[in-house]
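Next come the chains, spelled out residue by residue.
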Amino acid sequence: MSTADYWPSTIQVFDSHTEGEPTRVVVSGEIDLGGGSVKEQCQRFRQHWDGLRSAIVNEPRGSDILVGAWICKPANPDCTAGLFFFNNVGMLGMCGHGTIGAVITLARLGRLETGKHLLETPVGVIEVHYAGGAEVSLRNVPSYLYQSDVELNVPEVGTVKGSIGFGGNWFFMVESPAFTISRDRIEELTDLTWNIRQVLDRQGITGKDGAMIDHVELYGPPADPRNDACNFVLCPGKAYDRSPCGTGTSAKVATLLTRGKLKPGQIWRQESVTGGLFEASAEMVDGKIIPITTGRAWLTGESLLYFDPQDPLLKHLREADLASRM
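Cut-offs applied
Along each chain, residues carry numbers from 1 onward, in the same order as the chain's sequence is written. Where local features are concerned, this predicted model is filtered to residues with pLDDT of at least 70; where side-chain atom pairs are given and counted, the filter is 80 or more; whole-chain, interface and lining totals use all residues. Based on all heavy atoms of the structure, the side-chain values leave hydrogens and waters out of the count. Put simply, DSSP H or I for four residues or longer makes a helix, DSSP E for two residues or longer makes a strand, and each gets a number counted from the N terminus. Partly exposed residues are those whose accessible area sits between 20% and 50% of the maximum for their type, while under 20% is buried and over 50% is exposed, using a 1.4 Å probe and protein chains only. Take the number of residues in a helix, subtract one, and multiply by 1.5 Å to get its expected span. Each Phe, Tyr or Trp ring (for Trp, its six-membered ring) is paired with any other whose centre lies within 6.5 Å, and the angle between the two planes then decides the class: stacked below 30 degrees, edge-to-face above 60, tilted in between. We count a charge as sitting over a ring when the NZ of a lysine or the CZ of an arginine lies within 6 Å of the ring centre and within 35 degrees of the ring normal. Contact definition: two residues touch when any of their heavy atoms are within 4.5 Å.

K.L.:
Would you mind going over unusual backbone geometry with me for this structure?
P.N.:
One can expect most non-glycine residues to show negative phi and most peptide bonds to be in trans. Cis geometry marks the peptide bond from E59 to P60, where omega comes out at 5°. Here the amide bond leading from S176 into P177 is cis, since omega sits at 0°, within 30 degrees of zero. As for its placement among the helices and strands, P177 is situated in the loop between β11 (170–176) and α5 (186–202). Even without glycine at this site, E156 takes up a positive phi of about 70°. Note that E156 resides in the loop between β9 (144–154) and β10 (158–166). Overall, E156 belongs to the exposed group, its relative accessible area being 85%. A positive phi angle is found at C245, which is not glycine, with a value near 75°. Locating C245 in the fold gives a position in the loop between β13 (229–234) and α6 (246–258). The exposure class assigned to C245 is buried, which follows from its relative accessible area of 4%.

This is the structure we're talking about:
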């Protein structure tokens, strides 16, 4: 097999944004993911098509803030579709804003009607409710507070205390000291959260079973007093989340419920640093916390991406992917 034959020559994508955060959904460009569960298909994509991942979401076809969603065949026959997610540096376990963007895209394609649907993801089956228009509600995978009162000594800041939680991805949620979250401080907030991420890595602080904590979340007062908080979330590739972060909001409401600061079914209104808004709550089901997040997404474009075998910027990516199969 040549490098020219290994990748599809074109891939059709739909772009959207969910409360400000972009999603690129791959809707055509068949590759052989081998079947099985979405988790298994995601693992094969990670192993054998990491260069293609980069070519889809990174420059010159994308940017470091873009999150990709790949629609695939679910193993669970009750599911409308399978989805796995990736960003500028690798794969994601789950993505709340990306799921909302994918639902809007599936609806645009006529592959999903209003009402409830099950979607299979690498971290489990989730339920979504498409209300029509831009609004989608997501019942996420079981989420939980893993560890409280974790103290870090962060250079130029001092002692930072926070909690480790899971909402489909792993988060370090900073609780003190308090920080002002605003658009004019984005560079400062990015540096701060990146430093926290590096301290977590250096000290070997992880989630359950050694899972990497690859998201850091700060909180501050909301701009709108009707809301509960404003957050700033640093994603794994050092880009910040323009939305309030679906998995981060899930980890937050799970933490609040565990601590008795949020009642089952009580709404938590989470702003993002750019002004996006998610409404979230949580329920107890068989002893597990199930977050429910509602947000809005809008389509921004439809594109056909070209992958010319003669493109020199793709040469090393193609060769690395092909070598992974040898």
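K.L.:
What is the right way to read α6 from this model?
P.N.:
Owing to its 3.6 residues per turn, the α-helix aligns residues three or four sequence positions apart on the same side. Taking 1.5 Å per residue, 13 residues should reach 18 Å; α6 reaches 18 Å between its end C-alpha atoms and fits that length. Most of α6 sits out of view: twelve of its 13 residues are buried. Looking one or two places after α6, you find G260, whose phi comes out positive at around 75°.

K.L.:
Even after reading the chapter, I still don't get the packing of aromatic side chains, so can you show me in this structure?
P.N.:
Centre distance and the angle of the planes are the two values used to describe a pair of aromatic rings. Evaluation of the coordinates by the stated rule reveals eleven aromatic pairs. Their ring planes at 50° and their centres at 5.1 Å tell us that F45 and F84 sit as a pair that is tilted. With F45 in helix α2 (residues 38–48) and F84 in strand β4 (residues 81–86), the pair connects residues that are 39 residues apart, well separated along the chain. Residue classification places F45 among the buried residues on the basis of a relative accessible area of 0%. Aromatic side chains F232 and Y240 sit 5.5 Å apart centroid to centroid with 20° between the ring planes, which places their arrangement in the stacked category. Residue F232 is classed as buried on the basis of its relative accessible area, which comes to 1%. Looking at Y240, the relative accessible area reads 14%, which means it is buried. K252 extends its terminal NZ or CZ atom over the ring of Y219, reaching a point 3.9 Å from the ring centre.

K.L.:
Help me understand the environment of N58 in this model?
P.N.:
The residue N58 is located in the loop between α3 (50–57) and β3 (67–72) in this model. It is 9.0 Å that separates the C-alpha atoms of N58 and V89, two residues lying 31 residues apart in sequence. The contacts of N58, once residues within four sequence positions are left out, are R53, S63, D64 and N88.

K.L.:
What's the story with α3 in this structure? I'm lost.
P.N.:
Burial runs high along α3: seven of the eight residues are buried. Taken as a whole, α3 has its buried residues at G51, L52, R53, S54, A55, I56 and V57.

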